[in-house]
Amino acid sequence: MPRRDYYAVLGVAPDAAPDDLKKAFRSLAMKYHPDRNPDDPKAEVRFRELAEAWKVLGDAEERRKYDRLGPLYSSDGKPPTSEDLNAFVAEALGGLFRRKGRGDRGEDLRYTLTLSLEEVARGGSRTLHLMRRIECKRCQGSGGEPNGGLKSCGRCNGTGRTPGRRLFRTECPHCDGTGKVVAVRCSRCTGAGVHDEQEAIRVRVPPGVAAGQKLKVRKKGNVGRNHGEPGDLYVLVAVAEHALFRRRGQDLLCEVPITLPEAALGSDLEVPTLDGSTTIRLPPGTPGGKVFRLAGRGLPTHGGRPRGDLHIKVLVEVPSVLHADARAALQRLSTALDDQAHPIRNRYRDALANHRTHAPESPPE
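The residue numbering used here restarts from 1 in each chain and proceeds along that chain's sequence as written. Totals for whole chains, interfaces and linings use all residues, but because this is a predicted model, local features are given only for residues with pLDDT of at least 70 and pairs of side-chain atoms are given and counted only at 80 or more. For the side-chain quantities, the full set of heavy atoms in the structure was used; hydrogens and water were omitted.

### Overview of the overall build of the protein chain
Counting its secondary structure elements, the protein chain contains 9 helices and 13 strands. Nonlocal contacts in the protein chain, meaning residues at least 24 apart in sequence, comprise 64% of its contacts between residues at least 6 apart. Surface exposure here means Shrake-Rupley accessible area, sampled with a 1.4 Å probe, where a residue is shielded only by the protein chains that are shown. As displayed, the protein chain has an accessible area near 22,800 Å², and 52% of this comes from carbon and sulfur atoms. Strands here are runs of E lasting at least two residues and helices are runs of H or I lasting at least four, both read from the DSSP assignment and numbered beginning at the N terminus. The criterion used for residue contact is that any of the two residues' heavy atoms lie within 4.5 Å.

Here it is as structure tokens:
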């Protein structure tokens with residue numbers, strides 16, 4: 001976008017005499033004074049611009065600084081920071097290699113999109129509502145009011161090129177090579193040439209997308225400077241925790257509690273899936289920690305590979321509260337069970353007895 005040119009604001013040439021500057025300011029200030037234009041907000045904005053220009057150009061010392069420093073001029077009198085100088089040099093070097101009529105590319109934007117596991121499985125599209133910087137439609141990105149808001153740059157006479165020879169500079173620093181400067185700021189973007197606007201952007205979410213994956217939406221970042229092409233939008237995928245499932249790649253794990261009778265006698269057990277539920281058969285004597293695999297009931301994959309699996313891990317829940325009748329029933333069950341009912345416990349007892357027999361004696365103290 002064109003830089004602010006105080007000479008253009010006052011409508012005078014850069015070599016105008018001090019008296020000509022004063023006359024131009026007084027004439028325009030009287031014309032746009034808010035007291036004379038109480039119902040015109042644009043006049044108030046124009047008056048502030050005139051006062052800003054006169055504050056610099058009406059002071060001989062400030063005017064010399066403004067003429068000498070150009071784009072590095074600061075009204076607070078502070079010297080340019082290292083960041084300002086780096087930006088100035090980078091801009092100058094960029095001007096050497098930038099093709100005429102091509103602006104700088106805009107910044108990329110990033111957005112974190114949180115999906116449920118069900119949304120990951122289905123895929124589809126999501127609509128994001130986010131703020132992005134777009135080119136002002138009122139001024140077409142120029143920064144000046146339509147019909148007279150721009151004037152020919154007085155420093156380069158509208159050529160966009162720096163007069164004479166200057167190291168690392170081919171574009172005019174006052175107009176950024178456009179040949180135009182803002183005389184009256186656009187009322188929509190206040191002279192920036194761009195403004196922020198909320199936009200609804202549709203993003204395609206592939207089925208089986210992974211947490212941490214980036215989805216790229218081309219040219220939905222911020223618009224570039226000097227009509228440069230917009231940057232891109234990068235959508236970072238996050239997956240919300242699920243009440244039933246844990247994800248392991250494209251596989252899913254679900255822990256399902258079962259009772260002692262279900263584990264001992266076997267039963268039909270209802271288990272969840274991403275699209276509802278199904279029933280699996282528990283064989284009698286199912287141990288706690290047993291995992292049942294449901295092939296192809298996990299998350300979809302890409303490239304024609306098979307869908308992930310759903311792993312059901314059963315956990316035997318031991319009763320924590322027992323009433324008198326239940327306690328008596330368990331005692332009767334314990335008495336009724338013989339050693340063959342607990343082969344794992346029997347092996348453990350044999351190993352423990354063997355360990356005690358062969359363990360070395362403790363040395364005397």
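### Notes on the sheet that holds strand S6 (residues 214-217)
Here a strand pair is declared whenever DSSP counts at least two bridges between the two strands. Here we have 3 strands laid out as an open sheet, ordered S1-S7-S6, and mixed in their pairing. What marks the edges here is a single partner per strand, and that holds for strand S1 (109-115) and S6. Strand-to-strand twist of the sheet, defined as the mean angle between neighbouring strand axes without regard to direction, takes the value 25°. The axes used here are C-alpha line fits, helices contributing only the stretch in contact, and every angle between their N-to-C directions lies in the interval 0 to 180 degrees.

### Considering the environment of proline 41
Within the secondary structure, proline 41 is located in helix H3 (residues 41-57). For the pair formed by proline 41 and serine 187, sequence separation is 146 residues and the distance between their alpha carbons is 9.2 Å.

### Overview of the packing of aromatic side chains
Stacked, edge-to-face and tilted are the three classes for Phe, Tyr and Trp ring pairs, Trp counted by its six-membered ring, which pair at centre distances within 6.5 Å; planes under 30 degrees apart are stacked, over 60 edge-to-face, the rest tilted. Enumeration according to the criterion identifies 3 aromatic pairs in this entry. Judged by centre distance (6.0 Å) and plane angle (50°), the rings of tyrosine 7 and tyrosine 66 are tilted. With tyrosine 7 in helix H1 (residues 6-10) and tyrosine 66 in helix H4 (residues 60-69), this pair connects stretches of sequence that are 59 residues apart. Residue exposure (1.4 Å probe, protein chains only): buried if accessible area is under 20% of the type maximum, exposed if over 50%, otherwise partly exposed. With relative accessibility at 1%, the residue tyrosine 7 sits in the buried group. Pairwise contacts between aromatic rings join Tyr6, Tyr7 and Tyr66 into one cluster.

### Concerning the pattern of salt bridges
Definition used for salt bridges: Asp or Glu carboxyl oxygen within 4 Å of a side-chain nitrogen of Lys or Arg. Counted according to the given criterion, the structure contains 19 salt bridges. Ionic pairing is found between glutamate 199 and arginine 132, a salt bridge with its closest N-O pair at 2.8 Å. Of this pair, glutamate 199 sits in strand S5 (residues 194-205) while arginine 132 sits in strand S2 (residues 124-135), and the two are 67 residues apart along the sequence. The closest approach of N and O atoms between lysine 220 and glutamate 199, which form a salt bridge, is 2.8 Å. In this pair, lysine 220 is assigned in the loop between S6 and strand S7 (233-239) and glutamate 199 in strand S5, connecting sequence segments 21 residues apart. Of the residues examined, lysine 220 reaches a relative accessible area of 25% and is grouped as partly exposed.

### Considering the confidence of the model for the protein chain
As a per-residue measure, pLDDT reflects the predictor's confidence and takes values from 0 up to 100. Summarising the model, the protein chain shows a mean pLDDT of 85, and 86% of its residues fall at 70 or more. The model gives residues 165-169 a pLDDT under 50, and that stretch makes 8 contacts with residues more than four places away or in other chains.

### With respect to the pairing of strand S10 (residues 267-273)
Burial of S10 is extensive: 5 of the 7 residues sit out of reach of the surface. Pairing between S10 and strand S11 (residues 276-282): 7 bridges, direction antiparallel. Considered in S11, the bridge of leucine 269 is made with isoleucine 280. Hairpin connection between S10 and S11: a loop of 2 residues separates the two successive antiparallel strands.

### Some points on the side chain of arginine 247
The topology assignment puts arginine 247 in strand S8 (residues 245-248). Charged residues are defined here as Lys and Arg on the positive side and Asp and Glu on the negative side; His and the ends of the chain fall outside this count. Lacking a salt bridge, the buried arginine 247 has aspartate 251 as its closest oppositely charged neighbour, with an N-O distance of 9.0 Å. At 3.3 Å, the side chain of arginine 247 and the backbone oxygen of glycine 208 are in polar contact. Among the polar contacts made by the side chain of arginine 247, one reaches the main-chain carbonyl oxygen of valine 209 at a distance of 3.0 Å. Arginine 247 has contacts with Leu117, Val120, Gly208, Val209, Ala210, Ala211, Val239, Leu252 and Leu299, leaving out every residue within four places of it along the chain. Polar contact is defined as a pair of N or O atoms within 3.5 Å, subject to the rule that within protein one atom must be able to donate a hydrogen and the other to accept it, and that residues adjacent in sequence are counted only when both atoms are side-chain atoms.

### Regarding the packing of helix H2 (residues 18-32) against H3
At a minimum axis distance of 9 Å, the contact between H2 and H3 shows a crossing angle of 160°. With respect to their mutual orientation, H2 and H3 come out roughly antiparallel. Regarding H2 and H3, the two cross each other, and that crossing is left-handed. Taken together, the residues of H3 that come into contact with H2 (itself represented by Leu21, Lys22, Phe25, Leu28, Ala29 and Tyr32) are Ala43, Arg46, Phe47, Leu50, Ala51, Trp54 and Leu57. Orientation labels follow simple angle bins: below 35 degrees gives roughly parallel, above 145 gives roughly antiparallel, 65 to 115 gives roughly perpendicular, and whatever is left gives oblique. Note: crossing handedness is left-handed where the near helix turns anticlockwise from the far helix by less than a right angle, and right-handed where it turns clockwise.

### A closer look at the sheet that holds S8
Ordered in space as S8-S9-S13-S12, the 4 strands form an open sheet in which the pairing is mixed. Since the sheet does not close on itself, it has two edges, and those belong to S8 and strand S12 (291-294), each with one partner. Going from strand to strand, the sheet's axes swing by 25° on average, the running direction of each strand aside. Where S12 lies against strand S13 (residues 310-316), 4 bridges are found, and the strand directions are antiparallel. When the bridges of S13 are listed, valine 291 appears paired with lysine 313.

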